[in-house]
Amino acid sequence: KNPKIVVADEPTGNLDPSSSDDIIDLLESESKLGRTIIMATHNYPLIEDRIQNFIELNNGQLVS
């Protein structure tokens, strides 16, 4: 399939660090193909050095 949007709710929630990196690599690759990735995560350190554009919500409020 060729989705325009990928929604991922805690895709790395119960994974070991290596598997988590693999999942983020996959989502990053999909983003480079032009797909929009919407991801919820509580693991900001996992993505902080990799993200290009993001919207942060905290307690239901737009932070950035």
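Here is a short report on the structure shown in this document.

Basis of the calculations
- Residues numbered from 1 in each chain as written.
- Predicted model: local features only at pLDDT ≥ 70, side-chain atom pairs only at ≥ 80, totals over all residues.
- Heavy atoms only, no water.
- Salt bridge = Lys/Arg side-chain N within 4 Å of Asp/Glu carboxyl O.
- Helix = DSSP H or I, 4+ residues; strand = E, 2+ residues; numbered from the N terminus.
- Buried < 20%, exposed > 50% of the residue type's maximum accessible area, 1.4 Å probe, protein only.

Applying the stated rule across the entire model yields four salt bridges. Notably, a salt bridge pairs Arg 50 with Asp 21, separated by 3.7 Å at the nearest N-O pair. A residue pair is termed long-range when its members are at least 10 positions apart, and Arg 50 in the loop between helix H2 (44–47) and strand S3 (57–58) and Asp 21 in helix H1 (residues 17–32) qualify at 29 residues. Given a relative accessible area of 21%, Arg 50 falls into the partly exposed group. The partner of Glu 30 in a salt bridge is Arg 35, with the nearest N and O atoms 2.5 Å apart. Judged by relative accessible area, which is 21%, Glu 30 ranks as partly exposed. Overlapping salt bridges bring together Asp 21, Asp 25, Glu 28 and Arg 50 as one network.

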